[in-house]
Amino acid sequence: MYLNTGLPFTDVPADSWFYEAVKFGYNEGLFQGVTETLFQPAGSMTRAMFVTTLARMDGAELDPEAHTAFADVREGSYYEGAVAWAVEAGIVKGTSATTFSPAAEITREQMVTMLCRYAKYLGEDTTADTAALEDFADWGTVSGWARSSMAWAVEEGIVNGTGVGLEPKGQATRAQGAQVLMNFALRED
């Protein structure tokens, strides 16, 4: 059951930068805590967690019989149906031809790339000028395959940097994942 107000998490203070994002994600049914009273905002967001939140955001009807070609997507796992849905929708690719790396910490550029592909899946125009990245000192460290997605996220106000830069290869936290999803969902048209 999701609460309409407040949060049950003792590690999400009301004055934290991520409070509203966690509250949004929790109330929308995108996120659960790691326990009933802990969200673990500084904890790692894994690739499986992020794909699962995208499936929840979409309201995707996940096929309980769906399987993937990835040898490391455990049959019957909480994320198996979400990964199968995301592969079919063109939202995710593996880390190799046979692996998805569900337990791997998702990087900020991987997270944004999956979100951009999700936007394309929804029929949105995701073209962006990569010059938007040049406002960040570390823009040159964005992988070539992620540049257009990262530029789209910057132009759309989904990603604003960390205060240090884009940190594209940095590991995304659960709080950052919640913030990115809230920014995506609440964008102005």
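Refer to the structure printed above.
Residues numbered from 1 in each chain as written. Predicted model: local features only at pLDDT ≥ 70, side-chain atom pairs only at ≥ 80, totals over all residues. Heavy atoms only, no water.

(A) Structural detail: the pattern of salt bridges. Counted by the stated rule, this structure contains three salt bridges. Residue K169 pairs with E109 through a salt bridge whose shortest N-O separation is 3.4 Å. One end of the pair, K169, is in the loop between α5 (147-155) and α6 (174-185); the other, E109, is in helix α4 (residues 108-121), and 60 residues separate them in sequence. Of the charged contacts, one joins E124 and R187 as a salt bridge, the two residues approaching to 2.9 Å between their closest N and O atoms. Of this pair, E124 sits in the loop between α4 and α5 while R187 sits in the segment after α6, placing them 63 residues apart in sequence. On the accessibility criterion, E124 (27% relative accessible area) is partly exposed. The exposure class of R187 is buried, given its relative accessible area of 19%. Members of the salt-bridge network, linked through shared partners, are E124, E156 and R187. (Salt bridge = Lys/Arg side-chain N within 4 Å of Asp/Glu carboxyl O. Helix = DSSP H or I, 4+ residues; strand = E, 2+ residues; numbered from the N terminus. Buried < 20%, exposed > 50% of the residue type's maximum accessible area, 1.4 Å probe, protein only.)

(B) Broad picture of a negative patch on the surface. A contiguous patch of negative charge, built from D63, E65, E75 and E88, is present on the exposed surface. Looking at where E65 falls in the secondary structure, it is placed in the loop between α2 (47-58) and α3 (80-88). (Patch = residues over 30% accessible without salt bridge, like charges linked within 9 Å, V, L, I, M, F, W, Y side chains within 5 Å. Areas by Shrake-Rupley, 256 points an atom, 1.4 Å probe, with all protein chains shown as cover. Lys, Arg positive; Asp, Glu negative; His and termini not counted. Charge placed at Lys NZ, Arg CZ, Asp CG, Glu CD.)

(C) Main features of the nonpolar core. One finds F50, L54, I91 and L115 to be the most contacted residues of the largest nonpolar core, which totals 58 residues. At the level of elements, α1 (19-27), α2, α3, α4, α5 and α6 are the ones that each hand at least two residues to this core. Top element by residues in this core is α4. It accounts for seven residues. Dropping the residues within four chain positions of it, L115 is found in contact with F50, L54, W152, I158, V180, L181 and F184. (Core = buried A, V, L, I, M, F, W, Y, C linked by side-chain atoms within 4.5 Å. Contact = heavy atoms within 4.5 Å.)

(D) Just the packing of α4 against α5, in detail. Look at α4 against α5: their axes get within 8 Å of each other, and the N-to-C directions meet at 80 degrees. One finds that α4 runs roughly perpendicular with respect to α5. Between α4, through R108, E109, V112, T113, L115, C116 and A119, and α5, the contact on the second element is made entirely by S149, M150, W152 and A153. Considering only residue class, the contact of α4 with α5 consists of seven nonpolar, two polar and two charged. (Axes fitted to C-alpha atoms, helices over the stretch in contact; angles between N-to-C directions. Parallel < 35°, antiparallel > 145°, perpendicular 65-115°, else oblique. Nonpolar A, V, L, I, M, F, W, Y, C, P; charged D, E, K, R; others polar.)

(E) Expanded view of α1. Taken as a whole, α1 has its buried residues at Y19, A21, V22, F24, G25 and Y26. Looking at the buried residues of α1, the elements they touch are α6. A positive backbone phi angle near 80 degrees is found at G29, which sits one or two residues after α1.

(F) Summary view of the packing of aromatic side chains. Under the counting rule described, the total for this entry stands at 11 aromatic pairs. Where Y78 meets Y79, the ring centres are 5.1 Å apart and the plane angle is 90 degrees; that geometry is what we call edge-to-face. Judged by relative accessible area, which is 7%, Y79 ranks as buried. On the basis of an interplanar angle of 55 degrees and a centroid distance of 5.9 Å, the ring pair of Y118 and F184 is categorised as tilted. A residue pair is termed long-range when its members are at least 10 positions apart, and Y118 in helix α4 and F184 in helix α6 qualify at 66 residues. The burial state of Y118 is the same as that of F184; both residues are buried. R47 extends its terminal NZ or CZ atom over the ring of F100, reaching a point 4.4 Å from the ring centre. (Phe/Tyr/Trp six-rings, centres within 6.5 Å; stacked < 30°, edge-to-face > 60°. Lys NZ or Arg CZ within 6 Å of the ring centre and 35° of its normal.)

None of the figures reported here should be taken as evidence of function without further support.
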